[in-house]
Amino acid sequence: AIVRPRPVRIPLKGRHVLVTGGSSGIGLALALRAAAEGARVSILARDPSRLQDARDAIRLATGVDVAILAADVRDPEAVARALGAADPVDVLVCNHGVFLPQELERQSLEDVRFMVEVNLMGTFHLIKAALPAMKQRAKESGLPGSVAIMSSQAGQVGVYGYAAYSASKFGLRGLAEALQHEVIADNIHITLVFPPDTDTPGLAEEHKRRPEITKLIAGSQGGMKADDVAKKALNGIKSGQFVVACNFEGYLLYVATVGLSPQRSCLMAFVEILGVGFMRFVGLCYQWSWFTSIEKWHAKTKSG
Ligand SMILES: NC(=O)C1=CN([C@@H]2O[C@H](COP(=O)(O)OP(=O)(O)OC[C@H]3O[C@@H](n4cnc5c(N)ncnc54)[C@H](OP(=O)(O)O)[C@@H]3O)[C@@H](O)[C@H]2O)C=CC1
Ligand SMILES: CCCCCCCCCCCCCCCC(=O)[C@@H](N)CO
């Protein structure tokens, strides 16, 4: 093969998978799937009672007991303490995330900071705390480790209402690309997942405050099921994919925004090379329709 990094398979059976935000939505679905596949699973989130409920739900569905860790990812000491008390991690899934869509001009700096601190800084705190033991584990076991990061399609294209959220998610891509260079020699492999709208408790909350134009753009596709996103994510992790798209638009978006991301598969590299130019055209068509919607919306609200 001419590709580098080389193709890799990351086994889950018997290995320790830590899922942040594992008490709800996509994270819960992912933790459940990993447990069903025979992994030892830990879930981390803030609220201990929601963690307990998730643990009960996973036991009921799989018969497996997951470990629970209560910590706020914004607090680096709390994260280090939680990870220090847990077993060394083989697969770290940074899935926690918060989203408060609003026009930047109306959004408070506290809300902006909240999203950046949880989504971006929280992921730094986790990786810093987990990496030394992960490297050690990969070395001793001879098995590849994985760091998976939950981004969003709003981490591939900026969307109305998501200035702060998109910034936090775009930031994760820079982190992921740079980190892959740094940990490849330690046999640790990075996966970035880009889900569309997904039916979760978090999305239900978001819908109460989503600006009309954000609905027009992000809501033009139907929401995916959390379990379908979890399945895509887990398959991507197991095959060491750097970028994981989740639905049809997701594949278009992946090719359109592929940039200089690493690619392990010759076939996919070929698809990217052939697809990039045409996807620029498709992307411009999407932008055209989005700006048209925005223009119409402004015309309507001014006259109405
Ligand atoms: N749902 C969607 O439409 C999409 C979601 N995503 C991304 O997927 C991920 C999961 O989303 P979703 O399942 O909808 O989220 P939910 O809101 O349903 O769940 C979020 C999880 O993250 C935890 N969490 C939130 N803040 C913190 C914190 N400060 N420290 C530790 N844990 C925290 C929550 O637990 P607790 O509150 O107890 O801490 C909960 O377990 C997020 O990163 C999101 O950005 C991406 C694209 C679309
Ligand atoms: C070249 C082809 C382009 C194809 C375009 C596809 C459409 C992209 C729309 C982006 C929507 C962003 C949803 C964010 C979901 C999310 O993260 C939240 N639910 C949380 O706030």
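Definitions and cut-offs
Residues numbered from 1 in each chain as written. Chains lettered and ligands numbered in written order. Predicted model: local features only at pLDDT ≥ 70, side-chain atom pairs only at ≥ 80, totals over all residues. Heavy atoms only, no water. Pairing = 2+ DSSP bridges. Helix = DSSP H or I, 4+ residues; strand = E, 2+ residues; numbered from the N terminus. Axes fitted to C-alpha atoms, helices over the stretch in contact; angles between N-to-C directions. Contact = heavy atoms within 4.5 Å. Core = buried A, V, L, I, M, F, W, Y, C linked by side-chain atoms within 4.5 Å. Buried < 20%, exposed > 50% of the residue type's maximum accessible area, 1.4 Å probe, protein only. Near = heavy atom within 4 Å. Polar contact = N/O pair within 3.5 Å; in protein donor to acceptor, adjacent residues only side chain to side chain. Areas by Shrake-Rupley, 256 points an atom, 1.4 Å probe, with all protein chains shown as cover. Nonpolar A, V, L, I, M, F, W, Y, C, P; charged D, E, K, R; others polar. pLDDT = per-residue confidence, 0-100. Right-handed = clockwise from strand over helix to strand, strands pointing away. Expected span 1.5 Å × (residues − 1).

**Overview of the sheet that holds strand S1 (residues 16-20)**
Read across the open sheet, the seven strands follow the order S3-S2-S1-S4-S5-S6-S9; overall the sheet is parallel. Of all the strands in the sheet, the pair left with one neighbour each is strand S3 (67-70) and strand S9 (243-245). Between one strand axis and the next, the sheet turns by 20 degrees as a mean value, whatever way the strands run. Here five bridges tie S1 to strand S2 (residues 40-45), and the two strands are oriented parallel to one another. The partner of valine 19 across the bridge, within S2, is isoleucine 43. Lying on the sheet, helix H2 (residues 48-62) is in contact with S2 and S3; it crosses S3 at an angle near 165 degrees. Packed onto the sheet, helix H5 (residues 163-183) meets strand S5 (145-150) and strand S6 (188-194) and runs at close to 160 degrees relative to S6.

**Topic: the nonpolar core**
In this structure, Leu92, Ile127, Val147 and Ile149 are the most contacted members of the largest nonpolar core, which totals 56 residues. Setting aside residues no more than four positions away along its own chain, leucine 92 makes contact with Leu18, Leu126, Ile127, Ala130, Met134, Ser146, Val147 and Ala148. Residues Val17, Val19, Met150 and Ala233 belong to the second largest nonpolar core, which totals 33 residues.

**A word on the site of ligand 1**
Residues in contact with ligand 1 amount to 31 residues; listed here are only the nearest, Ser23, Ser24, Arg46, Tyr165 and Thr200. Between ligand 1 and serine 23, the relevant distance is 2.7 Å, taken from an oxygen atom to a side-chain nitrogen or oxygen of the residue. Between ligand 1 and glycine 202, the relevant distance is 3.1 Å, taken from an oxygen atom to a main-chain nitrogen or oxygen of the residue. Protein burial of ligand 1: of its 890 Å² of free accessible surface, 95% is covered by the chains. At the level of secondary structure, the elements contributing two or more residues to the shell around ligand 1 comprise helix H1 (25-36), H5 and helix H6 (201-207). When residues of the shell around ligand 1 are assigned to their parent elements, the largest contribution, three residues, is made by H6. Partitioned by chemical class, the residues of the shell around ligand 1 number 13 nonpolar, 12 polar and six charged.

**Looking at the site of ligand 2**
Of all residues adjacent to ligand 2, which total 21 residues, the nearest are Phe99, Ser152, Tyr165, Asp197 and Glu206. At a separation of 2.7 Å, an oxygen atom of ligand 2 approaches a polar side-chain atom of tyrosine 165. Between ligand 2 and the protein, one listed contact pairs a nitrogen atom with a side-chain N or O atom of aspartate 197 at 2.8 Å. Across the complex, the protein chains shield 96% of the 600 Å² of accessible surface that ligand 2 would expose by itself. Contributing elements (two or more residues each) for the shell around ligand 2: H6, helix H9 (248-256) and helix H10 (266-303).

**Digging into the confidence of the model for the protein chain**
Across the protein chain, the average pLDDT comes to 96, with 98% of residues at 70 or higher. Here the prediction assigns the complex a pTM of 0.98, and the interface score ipTM is 0.99.

**Topic: the pairing of S5**
For S5, the tally of buried residues reaches six of six residues, placing the bulk of the element in the interior. Side chains of S5 alternate between two faces, with Gly145, Val147 and Ile149 and Ser146, Ala148 and Met150 buried alike. Pairing geometry for strand S4 (residues 91-94) and S5, over four bridges, is parallel. Paired with valine 93 across the strands is alanine 148, a residue of S5. In terms of strand pairing, S5 meets S6 through six bridges, oriented parallel. The residue of S6 that forms the bridge with serine 146 is histidine 189. Regarding topology, H5 serves as the crossover connection from S5 to the parallel S6, and that connection is right-handed.

**Focus: unusual backbone geometry**
Phi angles above zero are rare outside glycine, and asparagine 187 is one such case at about 65 degrees. Relative to the assigned elements, asparagine 187 resides in the loop between H5 and S6. Its relative accessible area of 27% is what places asparagine 187 among the partly exposed residues.

**Quick look at H1**
In this model H1 runs 17 Å from its N-terminal to its C-terminal C-alpha over 12 residues, within 8% of the 16 Å that 1.5 Å per residue would give. Buried within H1 we find Gly25, Ile26, Gly27, Ala29, Leu30, Ala31, Ala34 and Ala35. The first or second residue beyond H1 is glycine 38, which carries a positive phi of 95 degrees.

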